[in-house]
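# Structural overview for review
Spelled out, the chains give:
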Amino acid sequence: MVLFAFLLLFGATMLAYFVNRRAALSMRAGGARLHSLESFHGLFAALSVLVPVFVGILFWLVLEGAVVDLFMLRGLPAGTFDGLDSGASQLIVAEIKSIAGGRVFGTPEAWKIEAAERLVRYHRIADWLLVALVAITAAILLWVARRSVVEQFRARQGAERIVLGLMIFCATVAIFVTIGIVFALTFETIKFFQIVPITEFLFGTSWEPQIPIREDQVAAEGAFGAIPVFLGTIVISAVALFVAVPVGLMTAIYLNEFAPQRVRKSVKPVLEILAGVPTVVYGFFAVLTVAPAIRQFAASIGVDVAPNTALAAGGVMGIMLIPFISSFADDALSAVPRSLRDGALALGATRGEMMLNVLFPAAIPGIVGGVLLAVSRAIGETMIVVMAAGLIAKMTINPLDSVTAVTVQIVTLLIGDTAFDNPKTLSAFALGMMLFLATLIINIFALRIVRKYREIYD
Amino acid sequence: MYDVPHGRNEVAVTDVKITARNVQVYYGDTHAIKDVNVEIESNTVTAFIGPSGCGKSTFLRCINRMNDTIDICRVEGDIRIDGDDIYDKRVDPVQLRAKVGMVFQKPNPFPKSIYDNVAYGPKIHGMARNKAELDDIVERALRRGAIWDEVKDRLQSPGTGLSGGQQQRLCIARAVATEPEVLLMDEPCSALDPIATAQVEELIDELRQNYAVVIVTHSMQQAARVSQKTAFFHLGNLVEYDDTTKIFTNPEDSRTESYITGRIG
């Protein structure tokens, strides 16, 4: 039924376009001097039918369920919900809905079956009502649009205004969704801090997010000091950057200045492929190849290391970041004007000297911006660390030890049974909030640096 | 007809500094320079004139092997400075470029301080043993670039903050700081206003005392004002090469005459 409504709308839109276009054409043929071209008259008519009806259908679909429920509840025998808490009454509504959907468990009471039948009926009425409303509004809009085709009507400006509105809407969707996410995070985080004091979270050095299920359980109180978790993230990110920054920069410098055209042409796409490898693949590369290799090597020189070291996770994450940094640095180096290269070379600088003394300093803001973006990717990276890093939060900066990361903790906290009234689950939101703030600050810095750099060279 | 100041166009008896024989340049399949023969004298300003795309800049860039930095560019023939073949395998283009300075069309100071801009060449060639010597070299170069008085109080401020004309003179100072023997200028005034142009032209005439100056220019008036020798390029050919006064008053080739009288170009 809903599909039918959409088809109807689509048909009306096409009709509006062709009717108005033809009307404008015939007016032109009759010698009238129209302000806008006929295709703009068509476009304006199509948009002025499509947009309002489409928005209307969406609103209808969002509200339909709630309104129908309301009607259905009104018809229930008086006093059904007396003395029931919200959970129990929700249960009754859910049961009625599942009966309406054809999933009957046991033998429900007669009034429930009757309510379910009414629910089905209401939905059918609502659907027909939707189609009828679409047909009527589309017809009215078609008529209004057809009337708008007159000599002086500025259809081009009208159509442009509608398209502009659509563009603004699309541009703000992402922003509003982000704001929504931040709000959701904020509320859960506040709930968490009502149970666990913020000072303990920020400065505590012990992270054991378990909650006793029974009063007398031995596991006792959990501890929610986030420092070891963040320390783990920092250690892993540091290892990653230690790998990625030098290798990435050297790659960029080589490709940008020293590589023959042929090499550049073949290596750049390969690097881009590397950037496209799913992180989960990097993850099992870390677990199955790098970690055992590190362990074996350490054993051969007589050192005992954990099976899931920060070194393995960080190292593989570093490899993931290489193409990221190298492409940023390559762009920054390429953006340095050709005249500066020529100037340095003409003074008798070698390519190396030119790179080191002229190109690199001139490109450094862009490079730093790229590195900072890589940092925020490293601390937000999840899959590799979930697979390759440990679960136990340790206060250590030894990369050969097993550490955990913020993202790992969030994943483990939200897997399995979640209860939104205990600090174990809520702590995931606090961690997420901290992570969000950290990456936000780094990104702001990075973008500022990149922008400053653009101002100088454009 | 042309604004020719007295004295500047007189040709002194001088030695040949650069000899080019049968020079061909190819960009990929394009034959950009066809069989150019020329002898450039020291202590002389030699101007290359000609319409856009005639190869004058390309030929200029052969003299300090800047064309080496372009992958698809191929140079054939024989170019000698003081009798030494600069395309010989044993010649290091890096050392050659220290000997043959170059100034570009657009002022291109490095994003460093004025001092560091000028000190860059001497530093990478190890010309100064200590700070005092380097200071000396920088001051001398800036004086030769006729910009010392304007920047002596702000040597540490960025070179990019100067005006266009000052930047270009800074670039000239930067080029002469490595004590070159030849100075190549690729349309050095095309991005400058008339006043800055006049200052740079003045400077070019002074530089003639110490260097062989080769200047590419689009402006025939400029060629007439600053040079003693003029070479006219057309479609990759060196059409005519002679004393500037001769080229501008009594050219032998009809194409030269057409160009300087404004009929082609």
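Just so it is clear, the structure is predicted and the values come from calculations on it, not from any experiment. (Residues numbered from 1 in each chain as written. Chains lettered and ligands numbered in written order. Predicted model: local features only at pLDDT ≥ 70, side-chain atom pairs only at ≥ 80, totals over all residues. Heavy atoms only, no water.)

### Remarks on the interface of chain B and chain A
Facing the 24 residues of chain B at the interface are 19 residues of chain A. Together, the buried faces of chain B and chain A total about 1,600 Å²; carbon and sulfur atoms form 61% of this surface. Where chain B meets chain A, there are 1 salt bridge. Inspection of the chain B/chain A interface yields 6 residue pairs in polar contact (both at pLDDT 80 or more). Those elements that provide at least two residues to the side of chain B that touches chain A are helix H2 (93–99), strand E6 (100–103), helix H3 (114–124) and helix H6 (164–176) of chain B. Residues of the side of chain B that touches chain A, tallied by class, amount to 12 nonpolar, 7 polar and 5 charged. (Contact = heavy atoms within 4.5 Å. Buried area = accessible area lost by both parts, 1.4 Å probe. Salt bridge = Lys/Arg side-chain N within 4 Å of Asp/Glu carboxyl O. Polar contact = N/O pair within 3.5 Å; in protein donor to acceptor, adjacent residues only side chain to side chain. Helix = DSSP H or I, 4+ residues; strand = E, 2+ residues; numbered from the N terminus. Nonpolar A, V, L, I, M, F, W, Y, C, P; charged D, E, K, R; others polar.)

### Focus on the sheet that holds strand E1 (residues 16–27) of chain B
Residues and elements named next belong to chain B. Ordered by their spatial adjacency, 4 strands build an open sheet running E2-E1-E4-E5, and the pairing between neighbours is antiparallel. Each edge of the open sheet is held by one strand with a lone partner, namely strand E2 (30–41) and strand E5 (84–85). Running over the sheet, helix H1 (residues 56–63) touches E1, E2 and strand E4 (73–81) and is turned about 120° from E1. (Pairing = 2+ DSSP bridges. Axes fitted to C-alpha atoms, helices over the stretch in contact; angles between N-to-C directions.)

### Here's the deal with helix H14 (residues 406–414) of chain A
Within H14(A), the full set of buried residues consists of Val406(A), Thr407(A), Val408(A), Gln409(A), Ile410(A) and Leu413(A). Positive backbone phi, at 85°, marks Gly416(A), one or two positions downstream of H14(A). (Buried < 20%, exposed > 50% of the residue type's maximum accessible area, 1.4 Å probe, protein only.)

### A few points about H6(B)
Residue and element names in this part refer to chain B. Taking 1.5 Å of rise per residue, 13 residues should cover 18 Å, and H6 covers 19 Å from first to last C-alpha, within 8% of that figure. Within H6, 12 of the 13 residues are buried, leaving the element largely enclosed by the surrounding structure. Taken together, the buried positions of H6 are Gly-165, Gln-166, Gln-167, Gln-168, Arg-169, Leu-170, Cys-171, Ile-172, Ala-173, Arg-174, Ala-175 and Val-176. (Expected span 1.5 Å × (residues − 1).)

### Points about the UniProt feature "transmembrane region" (unreviewed entry) in chain A
All names here are of chain A. Under the UniProt annotation, "transmembrane region" (unreviewed entry) lies at residues 40–63, 125–144, 164–187, 229–253, 273–294, 306–329, 354–375 and 428–450. Taken end to end, residues 229–253 is 100% helix and 0% strand, and its first and last C-alpha atoms sit 35 Å apart. Secondary structure over residues 306–329 splits into 83% helix and 0% strand, and the C-alpha atoms at its two ends are 35 Å apart. (UniProt positions renumbered as here; feature names shortened; annotations may be inferred.)

### Concerning the pattern of salt bridges
Applying the stated rule across the entire model yields 35 salt bridges over all chains. The closest approach of N and O atoms between Glu38(A) and Arg28(A), which form a salt bridge, is 3.4 Å. On the criterion of sequence distance, the pair formed by Glu38(A) in helix H2 (residues 38–74) and Arg28(A) in helix H1 (residues 2–29) is long-range, its members being 10 residues apart. We classify Arg28(A) as partly exposed; its relative accessible area is 36%. For Lys131(B), the salt bridge identified is with Asp135(B), shortest N-O distance 2.9 Å. Of this pair, Lys131(B) and Asp135(B) are both found in helix H4 (residues 131–144), 4 residues apart, which corresponds to roughly one turn of the helix. Ionic contacts of the salt-bridge type, sharing partners, join the residues Glu95(A), Glu109(A) and Lys112(A) into one network.

### Observations concerning the sheet that holds strand E8 (residues 212–216) of chain B
All names here are of chain B. Taken in spatial order, the 6 strands of this open sheet run E6-E7-E8-E3-E9-E10, and their pairing is mixed. Each having just a single partner strand, E6 and strand E10 (237–243) make up the two edges of the open sheet. Each adjacent strand pair in this sheet contributes to an overall mean axis angle of 15°, direction not counted. In terms of strand pairing, strand E3 (residues 45–49) meets E8 through 4 bridges, oriented parallel. Its bridge partner being in E8, Thr-46 is matched across the sheet by Val-214. Here H1 sits on the sheet and contacts E3, E6, strand E7 (182–186), E8 and strand E9 (229–234); the angle it forms with E7, its principal contact strand, is near 155°.

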